[in-house]
Every structure is written in C-alpha cells, then in structure tokens.
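Each chain is listed here by its residues.
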Amino acid sequence: MISRYLLHTRLLHPDLPNQSFIANYRTMQEYCSRFATNFLKSESAQIPVVLTYSLNRAAEIVKLDSGPVLVYDQFLGQTFNTFHRLYLFGEESWHVPQTLSKMMCEEAICAGRTKVALFYFALRARFNEKARMRKIVSDKGAVLDVFLQELFVFAHEYGHFLMELSPEFRDSRRSAAEAILEAPDTRDPDETSRLLKEKYGIEQSPEEIAAENAERAAQLEAAKPTLQDEVACDDFALFILLGYCKENCIDPRKAFVASFLALRNIRALNYLKSGVSQIGMSDVDGTSERVKLLQFRQHLLRAIYPLVIQVFELEIDPNELHHEITRCSDQHDDKVDNKLLFEFLPATAKWFSEWVPKLAAEDISEFDKCHQLARAMGWGGEEANSYLRLDS
Amino acid sequence: MTTETTNAVQIELSVNDEEAIGRLEKLGKDYVLFAEPDHFEGDVGVLSALVTIATATIPVIGYIVTEKIKSKKHVRVKYKGIEISGERLSNIEAFLKSIESDRQE
C-alpha cells in the first residue's frame with residue numbers, strides 16, 4: 001500500500017536512497033523508537049519508517065488503513081545540506097543563483113509549471129561553469145549540524161505518530177503547546193524600532209511596530225488550532241535533539257541551533273515554493289499561509305529556549321544562547337533569506353516577465369512537458385523504486 | 001523494484017468535506033486508497049485519495065473537482081507527483097481520459 005501511495009504521489013528517483021545516508025536514518029529511527037518504547041512502556045510504539053528519494057522532498061506521516069507510516073525523503077536531507085552550505089560557505093555572488101535556480105526548477109516541475117521550470121533550468125546553466133561552493137562532507141561539525149536538523153524533522157513526525165498512539169502523550173504535548181501558544185509576546189517596540197534602524201536602515205516608529213505586533217497576535221490567535229499539534233511536535237523534537245546530544249556528548253547548544261535552523265531552512269524552501277506559484281501570475285514576494293505558520297512556529301520555539309534550559313538543567317547561559325541564536329539568524333538572513341527574497345526572486349521574476357512571452361492559459365499547466373523535463377533531469381522513471389524499509 | 005499496472009491520480013481534499021469524500025468512498029476500495037498525510041510544514045486537516053483512473057471513476061473525479069473550484073473549496077490534484085492546475089484542472093475529465101490508457105509496466 002505504501003509503495004502504491006509513493007509511486008503515485010511522488011516523482012521518484014530511479015535509484016534507491018543512497019546507502020551512505022541510510023545509516024544516518026537508521027540511527028534516527030532507532031533513537032526515536034527507543035524513546036517511544038521507554039516512554040510508552042510498549043513495544044507497539046514502533047512505526048514503520050520508509051526512506052524514499054523523490055523530487056517532492058517531503059517528510060510526512062501517512063495514515064493508511066493498514067496503519068501509519070513515517071516517510072522520510074533523502075532529497076529533503078540533501079536540501080538541508082544545500083541550505084547549510086549556503087549558510088556556511090555561500091561567499092560568491094553566484095552561489096545563490098547557482099543553487100537556487102536548480103531548486104526553483106525542481107519546485108516548478110512539481111507545481112506543473114513548465115515555462116517556469118525551463119526558465120530556471122536555463123538560468124542554472126548560466127552559472128554551471130562557475131566554481132561550486134565547498135561541500136560539507138569534509139567538515140565534521142557541519143555534517144553534524146545537518147544531521148541534527150534532519151533529526152529535528154524526523155523526530156517532529158515521530159511526535160505526531162506518538163500523539164496518535166498514546167492519549168497520555170497527546171495530552172501532555174497539547175498542554176505544553178497551550179502554554180507555548182499562550183506565552184506573552186515580550187518584544188519591546190522601542191527596542192525593535194532601534195534594531196531595524198541600526199541593522200537594516202528601516203525607519204519604523206514604536207507605535208507602528210506595536211500595531212504590527214497586535215495584528216500578528218490576532219493572526220496567531222486565529223492560527224492556534226492549526227498550530228497546536230505542530231508546536232507540540234516541535235517542542236518534542238527539541239527534546240529528542242537534547243537527549244541525543246546528551247547521549248553522544250555533543251554540546252547541547254547545537255540542539256537549539258539545529259532546531260532554529262531547521263525551521264528557517266524549511267521556511268526558505270517554502271519561499272521558493274511560493275515564488276514558483278507567484279511568478280508570472282502576481283507580485284513575487286515569497287509569502288504564503290504556510291510561510292506565516294512556519295514563522296510563528298520558529299518564534300514560538302525560540303521563545304521557550306530559556307525555559308527548556310531550566311527544565312533540562314543545562315549549563316547554558318540563556319543570554320549567551322540568545323546571542324548565539326541571534327548571530328545564526330543574522331547569518332541566515334545574510335547568506336540565505338535576504339538574498340533569496342530581496343535579490344534572487346525579484347531579479348529572476350523580472351527576467352522571466354521580460355524573456356518569456358505572455359503566458360497563455362494552456363501554458364500554465366502542462367503535465368506531460370513537466371514530466372519529460374523531470375525524466376531529462378533523472379526523476380520519475382516508470383521503473384523508479386519507491387522506498388526502502390529502514391527496519392528490514 | 002516495484003511494478004504497478006494501474007494508473008492513479010491523487011486528489012487532496014479537506015477532511016471535513018464529507019460530501020466529496022462520500023462520493024469517493026462509494027467507488028469502493030478497489031478504486032480508492034485513502035490516506036491522511038501530515039507534512040512537516042503543516043497542512044492540517046487534509047485527506048488524500050489515490051483514485052485509479054478508470055471509466056467508473058473519471059466522471060466522479062470530474063464532478064468533485066468542478067464543484068470544489070466553483071465553491072472555492074480546497075482541492076488539489078496531482079499526477080505522478082506533479083500538480084495539475086489552471087486550464088488542465090478545469091478540464092480534468094478530458095485530461096484523465098487522455099491518460100487513462102497510460103499504464104505503468
């Protein structure tokens with residue numbers, strides 16, 4: 001059943017997931033399932049985990065008649081790797097377009113937008129001859145960073161499964177989520193106004209910022225039903241990261257940084273997805289409902305770091321961690337988000353509108369041409385393998 | 001290696017869309033595989049139906065998609081992992097008839 005589901009819902013790579021990654025994913029599965037068995041005192045707290053490799057790069061829990069299955073996508077892991085390379089090593093002016101043109105092409109294929117896919121395919125070719133960014137594989141610290149970000153996503157999905165399985169677990173997670181969602185916004189409008197001017201040269205009065213904060217609070221209130229379980233599982237995933245770091249003698253600050261960057265990178269991916277749906281159709285600003293919800297999740301999780309430090313009795317100064325996360329946020333803005341939102345998307349959207357003739361309605365969705373482009377890039381063959389069971 | 005001899009399309013609906021889900025349920029388990037995907041990005045409250053493309057199912061899919069578009073309710077259709085949108089979504093029955101015989105061997 002899961003094989004049929006994957007074959008018909010994803011653009012699969014002809015190869016099975018890479019053997020060199022499988023060990024990592026087995027580690028994640030073993031760690032999460034060990035926690036589940038210990039917490040729930042039950043061997044039945046085991047979820048089948050399958051590893052797939054698809055252009056859709058989606059991690060999900062799929063609830064079938066036969067029971068839930070956690071699907072993790074190797075290509076999502078590679079996406080984290082790509083964003084982390086940009087974050088660490090994206091120095092040259094061409095690194096962002098070289099990397100993101102490929103990702104936009106891939107997202108456009110999945111969205112069925114042929115002309116957008118071909119446009120970014122061609123754009124990527126422009127930068128192909130330029131020197132590539134350094135690879136992460138040679139940097140053990142960076143390899144660990146990416147592993148922890150992936151573990152965050154993996155554990156988040158595992159959290160959803162456990163919430164289905166155990167009413168006790170579900171109730172405890174939802175209580176935690178309620179507390180997180182109810183926590184007051186302590187951002188000071190005067191301080192925010194000062195920082196905007198200092199860092200970005202943006203003039204915005206404290207009164208305007210306070211009004212924006214109030215609007216954001218109203219949006220958060222409206223989004224609470226959607227956010228509740230997601231926030232619960234983000235909190236659980238951070239808990240898993242901290243447990244993993246403790247067991248493996250890893251600095252626990254890496255867990256906080258990984259949880260922060262994982263959400264930022266998923267948000268960056270969704271900027272691209274929004275860009276694909278907007279290009280040639282409306283103003284391209286990368287925003288969407290999903291992006292807003294990811295933004296909320298990221299802020300809410302960050303807000304509880306001091307409390308988590310206290311609960312876990314970690315020897316971390318909350319102020320120092322705050323400064324470290326701020327530094328990571330600034331670096332991610334500089335190397336990824338700002339380049340993506342304020343340079344790459346607007347510039348390429350403008351070129352698209354200049355180079356590509358006015359779109360006719362039938363050009364907007366051309367499944368067969370998208371599929372041919374996917375095949376040319378190595379995805380979606382009819383012989384495609386669908387998945388690998390990690391516990392086999 | 002996994003082989004598959006029938007062709008199917010994925011339809012995504014709101015879990016609360018009892019009317020559309022009911023129509024799909026009537027097609028029977030031989031034609032429809034239901035799943036509730038829960039993606040990392042959220043997308044809460046979504047039901048996915050994998051529907052075999054066949055003479056019996058095409059009109060039902062066409063009706064559901066047309067109704068959802070008209071009433072501006074949530075519907076997404078994907079084929080082989082690629083989203084169907086725009087004109088092709090509005091004329092989904094014609095598209096499905098054109099791929100009905102496109103079987104995977």
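Residues numbered from 1 in each chain as written. Chains lettered and ligands numbered in written order. Predicted model: local features only at pLDDT ≥ 70, side-chain atom pairs only at ≥ 80, totals over all residues. Heavy atoms only, no water.

Student: Help me understand a negative patch on the surface in this model?
Tutor: All names here are of chain A. Together, Asp188, Asp190, Glu207 and Glu208 make up a negatively charged patch on the protein surface. Looking at where Glu207 falls in the secondary structure, it is placed in helix 9 (residues 206-247). A relative accessible area of 59% places Glu207 in the exposed class. (Patch = residues over 30% accessible without salt bridge, like charges linked within 9 Å, V, L, I, M, F, W, Y side chains within 5 Å. Areas by Shrake-Rupley, 256 points an atom, 1.4 Å probe, with all protein chains shown as cover. Salt bridge = Lys/Arg side-chain N within 4 Å of Asp/Glu carboxyl O. Lys, Arg positive; Asp, Glu negative; His and termini not counted. Charge placed at Lys NZ, Arg CZ, Asp CG, Glu CD. Helix = DSSP H or I, 4+ residues; strand = E, 2+ residues; numbered from the N terminus. Buried < 20%, exposed > 50% of the residue type's maximum accessible area, 1.4 Å probe, protein only.)

Student: Help me out: how do you make sense of unusual backbone geometry in this one?
Tutor: In terms of backbone geometry, most residues other than glycine have negative phi values and most peptide bonds are trans. All names here are of chain B. With phi around 55°, Lys72 is a residue other than glycine that occupies positive phi space. Residue placement: Lys72 occurs in the loop between helix 2 (58-71) and strand 4 (75-79). The exposed category is assigned to Lys72, whose relative accessible area is 77%. One non-glycine residue, Lys80, lies in positive phi territory at about 50°. Within the element layout of this structure, Lys80 appears in the loop between strand 4 and strand 5 (82-84).

Student: Even after reading the chapter, I still don't get the pairing of strand 1 (residues 8-14) of chain B, so can you show me in this structure?
Tutor: When a strand is regular, its side chains alternate between the sheet's two faces. Residue and element names in this part refer to chain B. Of all seven residues making up strand 1, six are buried, and the element is well covered by its neighbours. Where strand 1 and strand 3 (residues 46-52) come together, seven bridges link them in antiparallel fashion. Each bridged residue has a counterpart across the sheet, and for Ala8 the counterpart in strand 3 is Thr52. Alignment of strand 1 against strand 4, held across four bridges, turns out to be antiparallel. Among the inter-strand pairings, Glu12 is bridged to a residue of strand 4, identified as Arg76. (Pairing = 2+ DSSP bridges.)

Student: I keep staring at the packing of aromatic side chains and nothing clicks. Help me out?
Tutor: Geometry of an aromatic ring pair is reported as the spacing of the ring centres plus the angle between the planes. Residues and elements named next belong to chain A. Within the structure shown, the criterion is met by 20 aromatic pairs over all chains. Their ring planes at 85° and their centres at 5.2 Å tell us that Phe119 and Phe352 sit as a pair that is edge-to-face. One end of the pair, Phe119, is in helix 5 (residues 114-127); the other, Phe352, is in helix 13 (residues 318-355), and 233 residues separate them in sequence. You can call Phe119 buried: its relative accessible area is 6%. Overall, Phe352 belongs to the buried group, its relative accessible area being 2%. An aromatic cluster is present here, built from Tyr25, Tyr72, Phe154, Tyr158 and Phe161 joined pairwise through their rings. Directly above the ring of Trp94 sits Lys130, whose terminal nitrogen or CZ lies 4.9 Å from the centroid. Seen from the ring of Phe89, Arg134 lies directly overhead, with NZ or CZ sitting 4.1 Å from the centre. (Phe/Tyr/Trp six-rings, centres within 6.5 Å; stacked < 30°, edge-to-face > 60°. Lys NZ or Arg CZ within 6 Å of the ring centre and 35° of its normal.)

None of this, on its own, says anything about what the molecule does.
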